[in-house]
Amino acid sequence: MTAILQGLRVLELGQVLAGPFAGAILADLGAEVVKLERVDGGDDARHMGPPFRHGDALNFQVFNRGKQSVALDLKTDAGRAAFERLAGEADVFIHNLRPGVPAALGIDGPSLCARHPRLVYCAISAFGASGPMAMRPGYEPLIQAFSGLSSLNGGPDDPPMRSAASLCDQGTGMWVVIGALALLQRRQHTGRGGIVQASLLETALVWNAQKADAYSNQGVLPVRHASGHPGFVPYEAFEASDDPFLICCGNDRLFQKLAAELGQPQWATDPRFATNQARLRHKAELFAELCPLLRQGERGQWMARFEAVGVPCSPILSVPEVMDEPQVHALDLLLPVPGEDFCLTGLPL
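For clarity, every value in this text was computed on a predicted model and none was experimentally measured. The written sequence of each chain sets the order in which its residues are numbered from 1. This being a predicted model, a pLDDT of at least 70 is required before a residue's local features are given, and a value of 80 or more before pairs of side-chain atoms are given or counted; all residues contribute to the totals for chains, interfaces and linings. Side-chain metrics rest on all non-hydrogen atoms present in the structure, leaving aside hydrogens and water.

### Quick word on helix α6 (residues 140-147)
Phase 1 of the analysis: For the exposure calls, accessible area comes from a 1.4 Å probe over protein chains only, and a residue counts as buried if that area is under 20% of its type's maximum, exposed if over 50%, partly exposed in between. Secondary structure elements are defined from DSSP: runs of H or I of at least 4 residues count as helices, runs of E of at least 2 residues count as strands, and each element is numbered from the N terminus. What α6 keeps buried is the set Glu-140, Ile-143, Gln-144 and Ser-147. Down the axis of α6, the buried side of the element spans an arc of 100 degrees, and every buried residue falls inside it.
Phase 2 of the analysis: Elements that come into contact with the buried residues of α6 comprise α7 (149-152), α8 (167-190) and α9 (200-207).
Phase 3 of the analysis: At the exit of α6 stands Gly-148, carrying a positive phi of roughly 95 degrees. This arc is taken over the directions from the axis of the helix to the C-beta atoms. Working rule for contacts: check all heavy atoms of both residues, and any pair within 4.5 Å makes them a contact.

Here it is as structure tokens:
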């Protein structure tokens, strides 16, 4: 897979996460990625944590693998001249600079594309390229809070909380790569590049669309379900006698198998439980019978029985536990970094 984008040249002026993640994806796919950094300390991610290798934090290594790095001062004539040479040789330019900075430096999309019409210009912002908040900078937790994502995490009685993963930053980096590849495909026919604009807020709103569209179209306010799902029952975590695990019955056929394995075949014909829509209305009644049954057995025993009849289920694992799983080892996603003594997670494709 490493040679798929061989010959593609990418110039990345990225800080911390969203821009660098886009560059890392393209580097993993074989593009030559040149990362531009400040002369006074470079990317802030170099200092996001204790030194790991070469004086830089692990976060920097994760999102800047496979790149070359050049320090440029874009406020000097020499720095701007060097940038123009690099931009003239590049197919793609990616940045997540603060709003207003590209225009002040003379490297905003319209200006740079006018000088280099084949260039695919990718701009990442926090709140979007237009609107009253377009000039406002932002970070992942701020976007999760503003977008409504934080309000959906956890259970009904929990305070709003951010996701542990940087869904908006990394998701925006993915959208930028998709947009860049689309414009590169069009360039084969037109000879011209173009501008890709993506933002953390728009990414968050897309991840939130299932809830927001239900509110917009049906007036349905989102409810927090912890590990559960608003559209399926049973479809969440349950307590066995020793450890919790998830059961996911995504249709009535799976529920019938679950009921039979639990020794409750009458549930499949009970009008309260026979269909998923009925179970949604009578969830409390079903759980009053289901939960005590599951607490009578150990997790491993239940999972072996459910898996044998095709009912989807899973233990709730910690990071060390999942990294020890044979299935995770078989996927070979943790890859050695060439020339280094450590490994990083690669692309999931």
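Continuing now.
### Some remarks on the packing of aromatic side chains
Phase 1 of the analysis: What counts as a ring pair is set by centres within 6.5 Å for rings of Phe, Tyr and Trp (its six-membered ring), and what kind of pair is set by the plane angle: stacked under 30 degrees, edge-to-face over 60, tilted for all other angles. Counted under the stated rule, the structure contains 12 aromatic pairs.
Phase 2 of the analysis: Ring centres of Trp-175 and Trp-207 lie 6.0 Å apart, and the angle between their planes is 35 degrees; this geometry places the pair in the tilted category. Within this pair, whereas Trp-175 is found in helix α8, its partner Trp-207 is found in helix α9, the two being separated by 32 residues in sequence.
Phase 3 of the analysis: Using a relative accessible area of 36% as the deciding quantity, one classes Trp-175 as partly exposed.
Phase 4 of the analysis: Here Trp-207 falls in the partly exposed class, since its relative accessible area comes to 39%.
Phase 5 of the analysis: Pairing Trp-267 with Phe-273 gives two aromatic rings, centres 6.3 Å apart and planes at 80 degrees, and the pair type is edge-to-face. Comparing Trp-267 with Phe-273 shows no difference in burial state: the two are buried.
Phase 6 of the analysis: In this structure an aromatic cluster arises from ring pairing among Phe-83, Phe-93 and Tyr-121.

### Some points on the sheet that holds strand β5 (residues 68-71)
Phase 1 of the analysis: Pairing between two strands is assigned when DSSP locates at least 2 bridges connecting them. The sheet built from six strands is open, its strands ordered β5-β2-β1-β6-β7-β8 with parallel pairing. Every interior strand has two partners, whereas the edge strands, β5 and β8 (194-199), have only one. Across the sheet, the mean angle from the axis of one strand to that of its neighbour is 20 degrees, orientation sign disregarded.
Phase 2 of the analysis: Where strand β6 (residues 92-95) and strand β7 (residues 120-125) come together, four bridges link them in parallel fashion. The convention used is that axes are lines fitted to C-alpha atoms, helices contributing only their stretch in contact, and that angles between N-to-C directions extend from 0 to 180 degrees.

Nothing here speaks to function; it is all geometry.
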